Amino acid sequence: MSSSTGQSVPTSHEAGQSFPPSRDFADQANAGAELYTRADADRLEFWAEQARALDWDTDFTDVLDWSNAPFAKWFVGGKLNVAVNCVDRHVAAGNGDRVAIHWVGEPGDHRDITYSQLLGDVSRAANYFDSIGLRPGDRVAIYMPMVPEAIVTMLACARLGLTHSVVFAGFSSTALRSRVDDAEAKLVVTTDGQYRRGKPAPLKANVDEALGTGDDAAVSVQTVLVVRRTNHDPELNWVSGRDVWWDDTVAEASDHHEPDAFDSEQPLFLLYTSGTTGKPKGILHTSGGYLTQVRYTFHNVFDHKEGRDVFWCGADIGWVTGHSYLVYGPLSNGATEVVYEGTPNSPNEHRHFEIIERYGVSIYYIAPTLIRTFMKWGREIPDAHDLSSLRLLGSVGEPINPEAWRWYREVIGHDSCPIVDTWWQTETGAIMISPLPGVTDAKPGSAMRPLPGISATIVDDDAAPVAAGEQGYLVLDKPWPSMLRGIWGDDQRFIDTYWSRFADQGWYFAGDGARYDDDHALWVLGRIDDVMNVSGHRISTSEVESALVNHHSVAEAAVIGAADATTGQGIVAFVILRGGVEDTGDTLIAELRDQVAKDISPIAKPREVLVVPELPKTRSGKIMRRLLKDVAEGRELGDTSTLVDPTVFEEIRLRGN
Ligand code: WTA
C-alpha cells in the first residue's frame, strides 16, 4: 500500500517533537482530560450529554439505533429545529445584539449582522420559501458566492425542514446540472454575478446554461431566486415565470416566522463529493446528530468562548468545512465570526492579516495549502500586522507538512498559539481526529488522536492493528453522531463505498492511509484510493479522465495527482490522441485544460497535460497509475515487470521531459 500524497513519513526526530499545551491555555480550556475519561466510560451517555447542549422540542428516547447498520439513527424520537438552535435561541437568551457575522466582500464592502438581524433575514426567507410551496423534504440547490444570503438560505432551509444542496460557485454549469438533476431540486438560489480576483463575472448565466430550455430543461426546477451582488451583467437573461429577484420576494416577506420542530433524522443537507468513480455522490446528512457533533467539536476543539472570541474559517460554503465550521458549528454556539467573500490576494496579499487585525480574530482555521502560499509570499507580509488577537490556529483538508506547521505557529501564531490539526471528511460531517488544545500535546504534522466519543484505528489488510511505524488503513470502528446517513438515491453505493472493505467487522473505511508513531500519535498520510487532493479539494482521477475523453481529440486519458509543493497535489494528465488527430502542441493542451474546466471546474484543470503514444497497462488492462506518478514526480521507475509493453515508458519519458 502506498500513500498517494507522496508525503514522506516523518523522521523519528520529527515524530518526537512535541508541543504540550501551555499551563495558561490549559487552565482556561473548555475541555480537560476528563472528557476522554467520561467518553470512554460510557460513549453513548457521553453523546447524549452533548446532544442536550442543544434545544430539543421533544426529548429523544434512544441515543443510537444501529440495528439496521450501516444506516444509523441518532437521538431517536427527538425533535428539534436546527435553525432555532443556530439563531433564535441566542436572541431568546438576550444576545440578539451580538454580531453573528462580520461579513467582508471581495471589493472591500462589509456588513455586520447581529443575531437579531439574522433571525429577521432567515424568517423572511423561510416565509417566502413556504409561500412558493416548498415542503419539508424538498431539495433546494444553492449556487452562490460567499454572501450573507447564502448562509441565510441554508438556515431558512433548515428552519423549514428543506434539504439544501450547496454547489460550489466555482463549479461549471455541467456540474451544477448533474447535481440539480440528481437531487431533483425545486428551487435554485444564485446571484447575478460573483467577484473573482477583483473582477465581476456572471454567475446566473451558468445557471441558465445548466437548467437549459425546452426539451433539455431541468424538469424539477420551478423557481430560480437571484440575489443581486455585482449588478454588472449587461446581458442578464430572465426567464419569466421561473426567475425572481431576492429583493422583490424574500426582502418583502414578513420577518416573523413560527418554526416547526423536525425529527432528529430529518435530512438537513446533501453535499456532492468526488469518489473513486466518475459520478459525484450526494452525501446525506441529517439534523440532530450532525448538529450535536458540530456544536461539540466547535466548542472543544476550537476552545470557543461565547461572547469573547472572534472566529474565522477560511473555507467556502461549497465544501463541508464551510457547512460545519462557517455555518452550523459557530452559529449553534452563538459565535461571532468573520465571513470573507474573496481570495486571499485581493486586492493584495495583506488581505487576511488586515481582516484578523481589524476584527481581532482570535481563532483562525485554514487549509495547509494556504499556509504554504503565505510562506511563499514571505513572512514580511504577516509581520506587518498586529496578529496578537490570535490565540488558537486550526488546519484542515490535507496533511500538513511539519515545516508549514512550524511556520504557522511561529509566524502567524507568535510562537504561542496551539495548533489543532483536524482530520475529518465530507462523510464524517464533523471533526473526528484532532488534539484537544488544552489537553493533548501537538506534533507538527500529526492529527494526534480521536476526539472523546470517537473511535478510530489503523489496521492492515486483515483488519489486524498495525504496529507503530507501519502504514495501514484508517478506519472508524464505531458509529458517530454526524456520520453520513447515505448516498442520495443509492443505498448500495453507500454500502459498497464505505462499508465493504471491512464488512465482517462492520467498520467504515475512510479511504486514507495512516500510521502511528512510537507515542501512538496518529499520522494521516493521505488518500490511498483514486481521489486526489488539490489545495484541499477532492477531485477524482476518473472524473478528470472522463472530462478529457469528452474532447473529440482524445482516445484515452490517465490522470494522477503528483506531489506539489504548494497545492499538496497537482493534476497531471497523460492522453493518447485519436488516430488522425494532429498534435497542435500548446493549442491542444490549452483546449484540453479548458475542457476540464468546463466539464468540472477550473480547480480541476490539470497542471500538466502530456500527449503520449501509449499508456502503461498491466496484462489485465489496468492502467498503472503508480508508474505514471513516478514519471510525473521525476523518480526512477518502479517495477515495470507486469507491464504488457515495458518500452512504452521510453516514449513517455521522451515526451514528458
Ligand atoms: C483529507 C475535508 C490529513 C483526507 C474536511 C480526507 C486530511 C479528505 C485532513 C476529506 C487532515 C482532511 N490531515 N488529511 N487534517 N483533513 N484530510 O471530504 O484525505 O473535502 O479523506 O473533507 O481530506 O476531504 P473532504
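Residues numbered from 1 in each chain as written. Predicted model: local features only at pLDDT ≥ 70, side-chain atom pairs only at ≥ 80, totals over all residues. Heavy atoms only, no water.

Labelled according to an unreviewed UniProt entry, the protein chain appears under the name Acetyl-coenzyme A synthetase, originating from Williamsia sterculiae. Word for word, the UniProt comment on the protein chain under Sequence similarities (unreviewed entry) is "Belongs to the ATP-dependent AMP-binding enzyme family." Looking at the Catalytic activity (unreviewed entry) heading of the UniProt record, one finds this comment for the protein chain: "acetate + ATP + CoA = acetyl-CoA + AMP + diphosphate". (UniProt positions renumbered as here; feature names shortened; annotations may be inferred.)

Participant: So, the UniProt feature "binding site: CoA" (unreviewed entry) in the protein chain: which residues are in play, and what are the values?
Facilitator: UniProt records the feature "binding site: CoA" (unreviewed entry) for Arg196, Arg197, Gly198, Lys199, Thr321, Asn345 and Ser535 in the present numbering. For this annotated set, covering 340 residues, the C-alpha atoms extend up to 25.7 Å from each other, a dispersed arrangement in space. In this structure, Lys199 sits in strand β10 (residues 199-202). Apart from the residues lying within four places of it in its own chain, the contact partners of Lys199 are Glu106 and Gln194. Relative to the elements of secondary structure, Thr321 occurs in helix α11 (residues 320-332). Once residues within four sequence positions are removed from consideration, Thr321 is found in contact with Cys313, Ala315, Leu326, Tyr365, Val396 and Trp424. (Helix = DSSP H or I, 4+ residues; strand = E, 2+ residues; numbered from the N terminus. Contact = heavy atoms within 4.5 Å.)

Participant: So, helix α4 (residues 43-51): which residues are in play, and what are the values?
Facilitator: Those residues of α4 not exposed but buried are Arg43, Phe46, Trp47, Ala48, Gln50 and Ala51. Here the buried face of α4 lies against α3 (34-41), β1 (62-65), β2 (73-76) and α10 (288-301). (Buried < 20%, exposed > 50% of the residue type's maximum accessible area, 1.4 Å probe, protein only.)

Participant: Hey, could you go over the sheet that holds strand β18 (residues 363-366) for me, with residue numbers and the actual values?
Facilitator: With mixed pairing, the seven strands of this open sheet are ordered in space as β5-β4-β17-β16-β18-β19-β20. Both outer strands of the open sheet, β5 (110-114) and β20 (419-422), are each paired with one neighbouring strand and no more. Put simply, the sheet's adjacent strands are angled 15° from each other on average, direction ignored. Note that strand β19 (residues 392-396) and β20 share four bridges and pair parallel. In the sheet register, Ser395 faces β20, and the bridge partner there is Asp421. (Pairing = 2+ DSSP bridges. Axes fitted to C-alpha atoms, helices over the stretch in contact; angles between N-to-C directions.)

Participant: Explain the pattern of salt bridges residue by residue, including any values.
Facilitator: Taken as a whole, this structure holds 38 salt bridges when the rule is applied. A salt bridge links Arg111 to Glu149, with the shortest nitrogen-to-oxygen separation between them at 3.7 Å. Residue Arg111 is found in strand β5, and its partner Glu149 is found in helix α7 (residues 148-160); the two are separated by 38 residues along the sequence. Owing to a relative accessible area of 36%, Arg111 belongs among the partly exposed residues under this scheme. Between Glu633 and Arg635 there is a salt bridge; the shortest N-O distance is 2.5 Å. Judged by relative accessible area, Arg635 falls into the partly exposed class, the value being 36%. When salt bridges that share partners are traced, they join Lys204, Asp208, Arg242 and Asp243 into one network. (Salt bridge = Lys/Arg side-chain N within 4 Å of Asp/Glu carboxyl O.)

Participant: Outline the site of the ligand, listing residues and values.
Facilitator: Around the ligand, the structure places 17 residues, and the nearest of them are Asp421, Thr422, Thr426, Asp512 and Arg538. Pro399 has a polar backbone atom sitting 3.4 Å from a nitrogen atom of the ligand. Asp512 places a side-chain nitrogen or oxygen 2.6 Å from an oxygen atom of the ligand. Against a free-state accessible area of 520 Å², the protein chains account for coverage of 96% of the ligand. (Near = heavy atom within 4 Å. Polar contact = N/O pair within 3.5 Å; in protein donor to acceptor, adjacent residues only side chain to side chain. Areas by Shrake-Rupley, 256 points an atom, 1.4 Å probe, with all protein chains shown as cover.)

Participant: Could you give an account of the state of the cysteines, with specific residues and numbers?
Facilitator: Applying the stated criterion across every chain, the model contains zero disulfides. Left unpaired, Cys86 is separated from the closest cysteine sulfur, that of Cys157, by 13 Å. Between Cys313, a cysteine without a disulfide, and Cys86, which holds the nearest cysteine sulfur, the sulfur-to-sulfur distance is 15 Å. Judged by relative accessible area, Cys313 falls into the buried class, the value being 2%. (Disulfide = S-S within 2.5 Å.)

Participant: Explain the pairing of strand β9 (residues 193-196) to me, and be specific about the residues and the numbers.
Facilitator: Note that β9 and β10 share four bridges and pair antiparallel. Residue pairing for β10: Tyr195 is matched across the bridge by Pro200. Following β9, the chain reverses through two residues before pairing antiparallel with β10; Arg197 in that reversal takes a positive phi of roughly 50°.

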